[in-house]
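Commentary on secondary and tertiary structure
Okay, here's what each chain looks like letter by letter:
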Amino acid sequence: MVSRVIPVDPFDLVIFGGTGDLARRKILPGLFRRFTAGQMPGDARVIGAARSELDDDGFRKMISDAISEFIPKDERDPKDVKAFLEHLHYVAIDARGTDGWNALGKLMRKDVVHAFYFSVSPNLFGDLAERLHEHKIIGADCRIVVEKPFGRDLASARSLNDTLAKHFNEDQIYRIDHYLGKETVQNLMAVRFGNILFEPLWNAQYIDHVQITVAETVGVGGRGEYYDKSGAMRDMVQNHLMQLLCLTAMEPPAKFDPDAVRDEKLKVIRALDPVPHDDIVRGQYGGADGQPSYKEDAENSSSTTESFIAMKIHIANWRWNGTPFYLRTGKRMRNQVSEIAVRFKEPPHSIFDEDAGTNANELTIRLQPNEGMDLRVTIKEPGPGGMRLIEVPLDMTFADALEQNGSDVPDAYERLIMDVIRGNQTLFMRGDEVEAAWAWTDPLIESWKERGDKPKPYDPGTAGPEDALMLLHRDGRRWREIKP
Ligand code: NAD
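Computed from a predicted structure; not experimentally measured.

This part is about the domain arrangement of the protein. Segmenting the protein into domains produces domain 1 (11–147) and domain 2 (180–410 + 430–473). Computed from C-alpha coordinates alone, the two centres of domain 1 and domain 2 are separated by 34 Å.

Set out below in structure tokens:
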């Protein structure tokens, strides 16, 4: 099977912050990959806009270097790179100044899709929106893309939403959470709603609990100053883990349509119970083997910011009554793992001898490494010796399965940028979703601040503090192993 790549409509995509880290590492290499896949139409234009005094050639050189750095050699034919660079333009612009805006206005063509990627600090969103409006560069059909962090609490998220709402309707605003662009995350919806097998079992009657893990091996070095004001709750739970939880727990939407999906996600967030103090474990990594501790990385010797958090969450609705969702995420952990594991209950009655053992099914959706899914089923252990039950995985690693089909799996940013051009908001967060997530997060952060709670230390290269293990042990459960 050859993959079906349908070119998107012609577009002018302006990347504010086009010389920044995100643009060089993700956005432009991603566009290059869509170009080589045949998805970027011949007359598409990508316009870098940032403060650096560059011209088109200077910008093309910078992006050529970025492609060499971030795209493997065997995936970049010099002829393709040269052809891609011809689509690039550059305008030097200051979001808070007047220079460059007329030039940008003149560059924009009529009758093509207009998209503006705000890959700059959120405190510039208002200025950019205002300048675009003043210079009559934006119309009712254009789209804007905004990056995380979308606020640091409910008040600041509301204020950002209000700022954007002055010049854009909600259906023009694309709030990126790149987790939603991952193949596996979308596959979670395909598996749940495209098969008859799972949905009848997808509830508290048959599911014992769900574990969502996002473990990273890196520390916060390099962005310690920013991270120290944020912490794992704001940086990961409020957005990425919350989105994964919503997609796992939501009711089937009536249609795979942006508002139908986002309405269901919003209902999950609004059904979250407040989390008691005892159901949250915050941790902070120490130093080892010459590697700096969190406090050293953050250059803050008295920091009480968490680089790890684990929590037990209850969703107060009919479907999930009594089935906990355990979430954990942290830095400097044993391995890099992002996964959702759905642990089913054991069969209600065993027909086998006690020595045969019992097993429960488990469906794991792996976001990384090796995007894929794994369903553990119980079978008889082969060979003589009577009936002994063992668990075996039915494993589907997408890279293997899809390579056989000749498909080309775009990375999250590539897919999401193409969705912006196509005008499909399904995989983007709506303003009310973001606000609801903050409304749930804020009191938890407030409560540990009020109590003067200090994070528990943990050794780097582990699965986090001991207390996080206890969070499940005391319920008679165990975290899935984070393999070395
Ligand atoms: P960066 O500091 O590397 O780049 C910032 C860009 O903004 C530069 O191109 C700079 O010229 C431009 N800029 C700064 N002030 C400006 C002004 N007054 N007018 C016009 N342009 C101006 O930042 P980054 O890492 O690329 O991040 C950009 C945004 O994306 C931030 O909001 C960040 O939080 C978010 N983000 C970044 C990453 C990442 O991996 N880098 C990941 C997720 C979200």
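Pairing is parallel across the open sheet formed by six strands, whose spatial order is S3-S2-S1-S4-S5-S6. Only two strands of the sheet have a single neighbouring strand rather than two, namely strand S3 (88–92) and strand S6 (173–175). Direction aside, the axes of adjacent strands within the sheet are offset by 20 degrees on average. The sheet contact formed by strand S5 (residues 143–146) and S6 spans three bridges and is parallel. Paired with Val146 across the strands is Arg175, a residue of S6. On top of the sheet, helix H1 (residues 21–36) reaches strand S1 (11–16), strand S2 (45–50), S3 and strand S4 (113–118); it is set at about 170 degrees to S1, its chief contact.

This paragraph deals with the side chain of His240. Relative to the assigned elements, His240 resides in helix H9 (residues 231–249). Among the residues examined, His240 registers a relative accessible area of 2% and is labelled buried. Each residue touching His240, except ones within four places of it in the same chain, is listed here: Lys148, Asp177, His178, Tyr179 and Asp235.

Once that is clear, we can look at the nonpolar core. The biggest cluster of nonpolar side chains holds 142 residues, and the ones touching the most others in it are Phe16, Leu31, Phe84, Leu104, Phe116 and Met311. Counting residues per element, this core draws most heavily on H9, which supplies 11 residues. Dropping the residues within four chain positions of it, Met311 is found in contact with Met233, Val237, Val275, Asp279, Ile280, Phe325, Tyr326, Leu327, Trp440, Leu444 and Leu471.

Procedures and definitions
Counting restarts for each chain: residues are numbered from 1 in the order of the written sequence. In view of the model being predicted, local features appear only for residues whose pLDDT reaches at least 70, and side-chain atom pairs are presented and counted only at 80 or more, with totals across whole chains, interfaces and linings using the full set of residues. Where side-chain values are given, they derive from all heavy atoms of the structure, hydrogens and water being excluded. As used throughout, domain bounds are those supplied by an automatic or database domain assignment. Note on pairing: DSSP must find at least two bridges between two strands before they are called paired. Put simply, DSSP H or I for four residues or longer makes a helix, DSSP E for two residues or longer makes a strand, and each gets a number counted from the N terminus. Structural elements are reduced to axes, namely lines fitted to C-alpha atoms, with helices fitted over the stretch in contact, and the angle between N-to-C directions of any two is expressed from 0 to 180 degrees. It only takes one pair of heavy atoms within 4.5 Å for two residues to be counted as in contact. Think of it in three bands: residues with accessible area under 20% of the maximum for their type are buried, residues over 50% are exposed, and the middle band is partly exposed, with areas taken using a 1.4 Å probe on protein chains only. The term nonpolar core refers to a set of buried residues drawn from Ala, Val, Leu, Ile, Met, Phe, Trp, Tyr and Cys, joined through side-chain atoms within 4.5 Å.

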